[in-house]
Amino acid sequence: MPPIRGALFIEGKGEYHAAPRLMRRLWQHLGLQPFVDWQIALQNTNFKDDKYLASQIDSIFGLRNGRYQLLVVMFDSDEKKNGACMCPKTKGPSTANILRAANLPIPSAVVLPYKEYEHFFVACLPLWAGRQVIDPMTQQPLCTFVDDTSNALNMLNGRDGKGPIDEYIAAGEGYRETTHQLALTQMLDFTHLQRPEIDPLVPAFGTLCRASHFLAQQLVNPAPAAVYPPAA
């Protein structure tokens, strides 16, 4: 039986390796079956533009010819308009409507990290005090976190998720997206992110869990063109 492949549309270069690792680890953590081989189908910084996203869906022929059986669109909800960051509660459904209009023959989902993918890391920083960061590909140390990361959760309200990570890395070893994102994704503590007191601080993680359950259910009881979040 050929593997089930999941397509990922992602925004940043650092997510090229990190996002598939995130999805594979999360499906295992949630006990979802069958196994899905998540792959990057498209990486671009313009997915916040609904017209651009709509124009790109059919550029990936694998979404309609059977190569992929699932699709997840993921981009940071950090864009500012009228002085405020975009809200996943409105942007997520509007982006889902683009996928719904495309009438893909596979289930799909939209997940918008709020406000950046790195906010998942910031939420885990209290657990990472003094820990060394190891590159999963080379097994080489990349950096070490400072001994006191207890105040990190107070930094989750900011738009920037990269700055807090950089602040808690020992001097001279600053955060670089393409260097550290995969390693920190491997370190994420999903049980911690699901704790009742942490979940409201990084609500996108809960959204990602619900989207994953939704997609797994579509594989068991197929409903082609099903989209998460569902239409209101």
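Being a predicted model, the structure only gives us computed values, none of them experimental. (Residues numbered from 1 in each chain as written. Predicted model: local features only at pLDDT ≥ 70, side-chain atom pairs only at ≥ 80, totals over all residues. Heavy atoms only, no water.)

Asks: Before we go on, may I ask you to explain the overall build of the protein chain in this structure?
Replies: When you go through the protein chain residue by residue, the secondary structure sums to 8 helices and 9 strands. Radius of gyration (C-alpha) of the protein chain: 17 Å, near the 17 Å computed for a compact globule of 232 residues. In the protein chain, of all internal contacts separated by at least 6 residues, the share reaching a separation of at least 24 is 75%. Only carbon and sulfur atoms are counted for the fraction: they give 51% of the accessible area of the protein chain, which is about 10700 Å². Distance from the positive charge centre (21 side chains) to the negative charge centre (22 side chains) of the protein chain: 7 Å. (Helix = DSSP H or I, 4+ residues; strand = E, 2+ residues; numbered from the N terminus. Rg over C-alpha atoms; globule rule 2.2 N^0.38 Å. Contact = heavy atoms within 4.5 Å. Areas by Shrake-Rupley, 256 points an atom, 1.4 Å probe, with all protein chains shown as cover. Lys, Arg positive; Asp, Glu negative; His and termini not counted. Charge placed at Lys NZ, Arg CZ, Asp CG, Glu CD.)

Asks: Please clarify how the layout of surface pockets should be interpreted in this entry.
Replies: Left-over empty space is what a probe sized like a water molecule reveals as it rolls over the atoms. What the largest pocket holds in volume is close to 280 Å³. Of all the secondary-structure elements, those providing two or more residues to the lining of the largest pocket are α3 (88–102), β6 (108–111) and α8 (203–220). When the residues that make up the lining of the largest pocket are grouped by side-chain class, the tally is 11 nonpolar, 2 polar and 2 charged. (1 Å grid on protein atoms, 1.4 Å probe; cavity = no way out; pocket = protein on both sides within 12 Å on 5 of 7 lines; lining within 4 Å. Points joined across faces, edges and corners; volume = space filled by probe spheres on them. Nonpolar A, V, L, I, M, F, W, Y, C, P; charged D, E, K, R; others polar.)

Asks: Explanation requested: the pattern of salt bridges in the structure shown.
Replies: Close approach of charged atoms lets side chains of opposite charge pair. Inspection of the entire model under this criterion finds 8 salt bridges. Residue Lys48 pairs with Asp78 through a salt bridge whose shortest N-O separation is 3.4 Å. In this pair, Lys48 sits in the loop between β2 (36–43) and α2 (50–56) while Asp78 sits in the loop between β3 (70–74) and β4 (80–81), placing the two residues 30 residues apart along the sequence. Considered together, Lys48 and Asp78 belong to a single accessibility category, that of buried residues. Within the structure, one salt-bridge network assembled from shared partners comprises Glu11, Lys48 and Asp78. (Salt bridge = Lys/Arg side-chain N within 4 Å of Asp/Glu carboxyl O. Buried < 20%, exposed > 50% of the residue type's maximum accessible area, 1.4 Å probe, protein only.)

Asks: I tried to follow the sheet that holds β2 on my own but got confused; where do I start?
Replies: Neighbouring strands of a sheet are bound in pairs by backbone hydrogen bonds; such pairs are parallel or else antiparallel. Taken in spatial order, the 5 strands make up an open sheet running β2-β1-β3-β6-β9, and their pairing is parallel. Edge positions in the sheet fall to β2 and β9 (227–228), since each has one partner strand and no second. Here strand β1 (residues 4–10) runs beside β2; their pairing, made up of 7 bridges, is parallel. Bridged to Ile10 within β2 is Gln43. Strand contacts of helix α1 (residues 15–30): β1, β2 and β3, with the helix running at about 150 degrees to β2, the strand carrying the most contacts. Lying on the sheet, α8 is in contact with β1, β2, β3, β6 and β9; it crosses β6 at an angle near 180 degrees. (Pairing = 2+ DSSP bridges. Axes fitted to C-alpha atoms, helices over the stretch in contact; angles between N-to-C directions.)

Asks: Which parts of the structure should I look at to understand the pairing of β3?
Replies: The two faces of the sheet receive side chains in turn, since in a regular strand these alternate between them. Across the 5 residues that make up β3, a large majority, 5, are buried. Residues Leu70, Val72 and Met74 point to one face of β3 and Leu71 and Val73 to the other, with burial holding for every one of them. Both β1 and β3 contribute to a ladder of 4 bridges, which runs parallel. Bridge pairing in β3 places Leu8 opposite Val72. Sheet analysis places β3 next to β6, joined by 4 bridges and oriented parallel. Looking at the pairing, Leu71 lines up with Ser108 of β6.

Asks: Looking at this model, I keep getting lost on the environment of Pro164. Mind explaining?
Replies: Its location among the elements puts Pro164 in helix α5 (residues 162–167). Note: C-alpha distance between Pro164 and Thr185 (21 residues apart in sequence) is 16 Å.

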